[in-house]
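This is what each chain is made of:
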Amino acid sequence: MNSYRTLGMLGVLLLGACSGEGPNAPPSATTNEVASESAASVALTQERVDVADISLPAGFTATIFADELGSVRHLAVRSNGDLYGTIRQRGESDGGLVVMRDTDGDGVADGVRSFGPKDVTTGLTIHKDTLYFTSNVKVYKWPLEKGRMIPSGTPEIVVEGFPEQRGHADKPITFDREDHIYVGSGVPSNACQEQPRTPGSMGKDPCPELELTGIWRYPSGHMGQVQEDGTQYTRGSRQIVAMEWHPIENALYFAMHGRDSLDSLFPEKFTAAQRIELPAEEFHRAEQGDDYGWPYTYYDPMRGERMVAPEYGGDGETPAEPGKYKDPLIGFPAHWGPNDLLFY
């Protein structure tokens, strides 16, 4: 299959963090106050340090480029080498954007400036010299300017009106060759149970959470869109944070955060040992109209099969209906929480 050959040649880097089972903190009131170009720089660790506790394949090294930045999520590099990042808004802590510049070429940022709306959470990309970034409910754009690290004025809203929700609210973004913007929208629950996170509670059928979730596609040139103005490109994904357009395959790829708590919700069907291994964090090539099976199924990486979820009558031994839901290209280990994706 061509996608496997290309992925093997270019390589895939998935960045993850162990996924917690608690929901994200609720978003606080947002503001579009923007820091000025003269914002004070944050002190950085200047000494280049090998990060010995990170496991890396042959040919890779890890050093500290910048430190003490807060909860950095996604990163994007400008053509001049400036590095932009999103700082996650969470609870009482404001979000925002940061920009870092290495002025002497030693691989260490010489300073960092903070700016941008305070409701920023995760999604970030640079497309045609314009910053695109997200809060839990909005997609912003902000043109970059020659000679300025921080853009002037205030950002515009491309899309807004995504549901306010406590969990799985991050909005990753990427672009295709035709300038469509893709936005990942997560579901607000773990498994669409009638009584959320209650042992033995069965799933809603059909699950109403599927209607406003999945991957959505929008024309990037239109401002002030709402969620329903776009196309629901895929459905059946619990939460997507790692998502990227492949430049050679000309296709969209993502890694999903799978469901959790199989043993605590259905102890008569699953053991604690099984919960550690199930379900897979699924890596997919997305095609329009795909359904990835949440909440009705999960993917068992040891069996190499999609299985019926216990909320819908599954017992850990019953495969899902063949061909109804798409299987992953790769089933990564459970609960890794892949948070970014890079082709190189």
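Values in this document were obtained by computation on a predicted structure and should not be read as measured data. (Residues numbered from 1 in each chain as written. Predicted model: local features only at pLDDT ≥ 70, side-chain atom pairs only at ≥ 80, totals over all residues. Heavy atoms only, no water.)

1. Some words on a nonpolar patch on the surface
Inference 1: On the surface, a cluster of nonpolar side chains totalling about 450 Å² of accessible area is made up of Ile54, Leu56, Phe60, Leu342 and Tyr344.
Inference 2: With respect to the secondary-structure elements, Tyr344 resides in the segment after strand E21 (338-343). (Patch = residues over 30% accessible without salt bridge, like charges linked within 9 Å, V, L, I, M, F, W, Y side chains within 5 Å. Areas by Shrake-Rupley, 256 points an atom, 1.4 Å probe, with all protein chains shown as cover. Salt bridge = Lys/Arg side-chain N within 4 Å of Asp/Glu carboxyl O. Helix = DSSP H or I, 4+ residues; strand = E, 2+ residues; numbered from the N terminus.)

2. Topic: the nonpolar core
Buried together is how nonpolar side chains tend to be arranged in soluble globular proteins.
Inference 1: Of all hydrophobic cores here, the largest spans 17 residues; its most connected members are Cys207, Phe270, Trp294, Tyr296, Tyr298 and Tyr312.
Inference 2: Of all the secondary-structure elements, those providing two or more residues to this core are helix H2 (262-265) and strand E19 (305-308).
Inference 3: With residues up to four places along the chain from it excluded, the contact list for Tyr296 reads Lys204, Asp205, Pro206, Cys207, Leu210, Met307, Val308, Ala309, Tyr312 and Tyr325.
Inference 4: Core analysis: the second largest hydrophobic core is formed by 14 residues, Ala76, Trp142, Leu144 and Ile150 among them. (Core = buried A, V, L, I, M, F, W, Y, C linked by side-chain atoms within 4.5 Å. Buried < 20%, exposed > 50% of the residue type's maximum accessible area, 1.4 Å probe, protein only. Contact = heavy atoms within 4.5 Å.)

3. Re the confidence of the model for the chain
Inference 1: Overall, the predicted model of the chain reaches an average pLDDT of 87, with 85% of residues at or above 70.
Inference 2: Counting contacts from residues 1-10, a segment whose pLDDT is below 50, to residues more than four positions away or on other chains yields 19 contacts.
Inference 3: For the stretch residues 18-49, pLDDT sits under 50, and the model shows 82 contacts to residues farther than four places along the chain or on other chains. (pLDDT = per-residue confidence, 0-100.)

4. Notes on the sheet that holds strand E16 (residues 251-257)
Inference 1: As summarised here, the arrangement of the 4 strands in space is E15-E16-E17-E20, forming an open sheet in which the pairing is antiparallel. With partners counted over all chains shown, the strands left at the sheet margins are strand E15 (239-246) and strand E20 (330-332), one partner each. Here the average twist between neighbouring strands, direction ignored, is 20°.
Inference 2: Two strands pair when backbone bridges link them, and E16 and strand E17 (residues 281-286) are joined in this way by 4 bridges, in the antiparallel orientation. What sits directly across from Leu252, in E17, is Ala286. (Pairing = 2+ DSSP bridges. Axes fitted to C-alpha atoms, helices over the stretch in contact; angles between N-to-C directions.)

5. A few points about the state of the cysteines
Inference 1: Inspection of the entire model under this criterion finds 1 disulfide.
Inference 2: At a sulfur-sulfur separation of 2.1 Å, the disulfide partner of Cys192 is Cys207. Between Cys192 and Cys207, the S-S torsion sits near 105°, and that sign places the bridge as right-handed. Here Cys192, found in the loop between strand E11 (180-185) and strand E12 (214-219), pairs with Cys207, found in the loop between E11 and E12; they are 15 residues apart in sequence, far enough to count as distant.
Inference 3: What makes Cys207 buried here is its relative accessible area of 2%. (Disulfide = S-S within 2.5 Å.)

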